[in-house]
Each structure stands twice: as C-alpha cells, then as structure tokens.
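Structure at a glance
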Amino acid sequence: MRIEQESAVHDSGRDAPPNGGNTPREDGAPSSSGRTEDDGAVIVRAPTEARNSGTHDIDLLPALDVLRQINAEDVTVPAAVGAVLPELARAVELGVAALEAGAGIHYFGAGTSGRIAAQDAAELPPTYGVPADWVVSHHAGGGEALARAVEGIEDDWETGRADAAGIAPGSLVVGLAASGRTPYVGGALEAARERSASTVLISANPRAPLAGSVDVHVGMSTGAEVIAGSTRMKAGTAQKLALNAFSTAVMVRMGRTYSNLMVGVDATNGKLRGRVVTILTQATGMDEAVCAKALNAAGGDTRVALVSLLADVDAASASRALGAARGRVRAALARLGAAGPAAPE
C-alpha cells in the first residue's frame, strides 16, 4: 500500500525530467498501468477524500433531512468557484488565443470529470453554431466509459499521453480531475506541453499534485463531500459550474453572442427558426414578419440576418462584413457604419 500526501502520481520508469523532477512524475508513483509495486492500494490524502464531520449520522436521517444536508453542502459550491475567477479568466484567454490561432480546445477527464467535459463540448456547436473541432472532449476509456464506469482506466498515464498525441501546437488542453492527481489527465497534460500546447487544470484541490506543471490551475476548495470521496457531488458540481462558465465566456469573447443573445444558431428546423425569429426581434426591436423575411434572405444564418437588419443592408453585404470581422456581429456593424440599438431598459 502507498499513501499519497498531496503527492505526485506517476513514474514511467524513464529518466527523470531535466528540471530535477518538478513535473508530476516523482518518487514512489505507480507505473503507467496504474499498479503499484506490490499491487496494493493507493491512499490519496486530498480534500476530496476527507470525511465530512457534519454528516456522520446521515444514514440515520429521514429522506427530507438527508436532502437538507446535501443541499447545505451544495450551496457552498458557487463561492468556491467565485474564489478562483481570476484563474478561470486566464484560462478563458488561453482558450480564445487557441481558437484565434486556428487550433482548438481539448478537454481530458475520467469518470465524472470526463462526463462533464463531454457534455460541455457536445452542447457548444448547437448552442453557438461553432465547428465541432473547436472544443473536443477526451474521456479515459472512450465512449464505453462514458456510459458505464470502466475501473482502473483513469490510472493509466500512458493512455492519457496517447490520447493527446495528436494535439496541434497552439491548442489549449484542459485537464479535469477532482483530486488534481488523476494519472490519465497527467499524461495528457504532459504530452500537450511537449507539443507546445497551453495547459489548464480544473480541480477541487487547491494543492493539486498536477498543478505545478500547468499554465493555469483552477483549484476550487469544495472540501469534504457529504458522502466521503463521492466526487460526483460538490467537486462535480464545481467542475460543471467552472466549465460552463469557461466555455460560455470563450464563446462570448469569440463573438458568438450579440449582447446576451445566442446569434450563432442556424435555423435548421421549424422550432429553431421560431427561436431565431424571436432572437432577431429581441435584438432589433423589429416585428416578427420583418425578421422572418430577413432570416429567409440570409439562408437561415442568424448573424447575417441580424447584421442585415441592424445595418439596413442586403444579406450579401452583411455576409461580407461578417467575414471581414471574423464572424463578430458588433465588428461587422462597425465596418458598415452602423451601431446596435441601445440595451432595453
């Protein structure tokens, strides 16, 4: 059995790194298969594994009181996320830089963390009309592990390295790990650095072992879980909040919104056409018939229709202005000498 005191988690058997071991690959760590020297347990001393002193008797309580204890812990999570907003903002700027350079953003995680990442990445294209390769998720164990837990796969450092082997230089790699020591995530981050990608770690451990090897560590202090070690709870909620905020802020900074409206949505079916017409009426103050006509002329492209309406130009002119403005509505309007309407009172 090995005990990790906020320690590193990997030693591949290769030579130590030239910096004397300041990366997460340090003494006494398991092999890339996740097995220790004696095939014993690895005990992690991390906040996410601590026992919650306030819920010792939770198994004696009626359902309503169980829920009250869970809820009392859950309400502490937004403050934990709020405390790391400066770090999260730095991560956002790295994400914007990666996309503007023509590279992408890649999420790596295992278990709950990986599933949260997969959900976030999947929801961005339909919400903001962005290409699927802007944000890509990689889950330890692949698709099978998304639907059903595959034990042990998160302990494989070399699998993380292999999954990150195709990362393009200039990309951003975001590792998600509640404890901040998951070997799969560590391997991916290591490979990303070797490929000149920027790196971010999102964890629920301010002293995460992997933190020293990334450009930005978003380490949220969520503390002990209601049920000890069940990191799908507060730690998972914190990662969900942080990742939602991260990706939304990246989309806003990339010009995929106008004001607080989604304008990257393409009207590909009746329901979406109705939603887009509503967005156009909210953005312009014009009536639905006018907005629907502009949307038809724009071939269902929300941003083209919006620029056409606000600048009073045809769809072709609006499209050219958007192209020159890299898809940003406000910049396209400025090129056409038009200003958006004032915000509603």
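As shown above, the structure is provided for reference.
Residues numbered from 1 in each chain as written. Predicted model: local features only at pLDDT ≥ 70, side-chain atom pairs only at ≥ 80, totals over all residues. Heavy atoms only, no water.

1. Comments concerning unusual backbone geometry
The phi angle of most residues is negative, glycine excepted, and most peptide bonds adopt the trans form. Phi is positive for Ser196, which is not a glycine, with a value near 60°. Position of Ser196 relative to the elements: it lies in the loop between helix H7 (183-194) and strand E6 (198-203). Even without a glycine there, the phi angle at Arg326 is positive, about 55°. With respect to the helices, strands and loops of the structure, Arg326 is situated in the loop between helix H12 (315-324) and helix H13 (329-335). (Helix = DSSP H or I, 4+ residues; strand = E, 2+ residues; numbered from the N terminus.)

2. Brief notes about the pattern of salt bridges
Taken as a whole and judged by the stated rule, the model has eight salt bridges. Across the pair Glu73 and Lys234 runs a salt bridge whose closest N-O atoms are separated by 2.7 Å. Residue Glu73 is located in helix H1 (residues 63-74), and its partner Lys234 is located in helix H8 (residues 234-253); the two are separated by 161 residues in the primary sequence. On the basis of relative accessibility, which here comes to 18%, the residue Glu73 falls in the buried class. In this structure Lys234 comes out as buried when scored by relative accessible area, which is 3%. The partner of Arg328 in a salt bridge is Glu100, with the nearest N and O atoms 3.0 Å apart. (Salt bridge = Lys/Arg side-chain N within 4 Å of Asp/Glu carboxyl O. Buried < 20%, exposed > 50% of the residue type's maximum accessible area, 1.4 Å probe, protein only.)

3. Regarding the nonpolar core
Counting 34 residues, the largest nonpolar core has Ile105, Tyr107, Val174, Ile202, Phe246 and Val250 as its most contacted members. Breaking this core down by element, the ones donating at least two residues are helix H2 (77-82), helix H3 (85-100), strand E3 (105-109), helix H4 (111-128), strand E5 (172-176), E6, strand E7 (216-219) and H8. With sequence-adjacent residues up to four places away left out, Tyr107 is seen in contact with Ala117, Asp120, Ala121, Val135, Val136, Ser137, His138, Val174, Leu176, Leu243, Phe246 and Ser247. Among the nonpolar cores identified, the runner-up in size contains 31 residues, and Cys291, Ala321, Leu333 and Ala338 belong to it. (Core = buried A, V, L, I, M, F, W, Y, C linked by side-chain atoms within 4.5 Å. Contact = heavy atoms within 4.5 Å.)

4. A look at the side chain of Ser308
Of note, Ser308 is situated in helix H11 (residues 302-311). Here the side chain of Ser308 touches Val313 through a polar contact of 2.5 Å, landing on its backbone oxygen. (Polar contact = N/O pair within 3.5 Å; in protein donor to acceptor, adjacent residues only side chain to side chain.)

5. Let's talk about the side chain of Glu225
Mapped onto the secondary structure, Glu225 falls in the loop between E7 and H8. For Glu225, the side chain forms a polar contact with the main-chain nitrogen of Lys234, separated by 2.8 Å. For Glu225, the contacting residues outside a window of four places in its chain are Thr48, Ala50, Asn52, Ser230, Thr231, Met233, Lys234 and Ala235.

6. Comments concerning H11
Note on helix geometry: an α-helix contains 3.6 residues per turn, so any two residues three or four positions apart are oriented the same way. Burial within H11 is extensive, with ten of its ten residues counted as buried. Listed in full, the buried residues belonging to H11 are Thr302, Arg303, Val304, Ala305, Leu306, Val307, Ser308, Leu309, Leu310 and Ala311. For H11, the N-terminal cap is Asp301; the gap from its side-chain oxygen to the backbone nitrogen of Arg303 is 3.0 Å. Looking one or two residues beyond H11, the residue adopting positive phi is Asp312, at roughly 55°.

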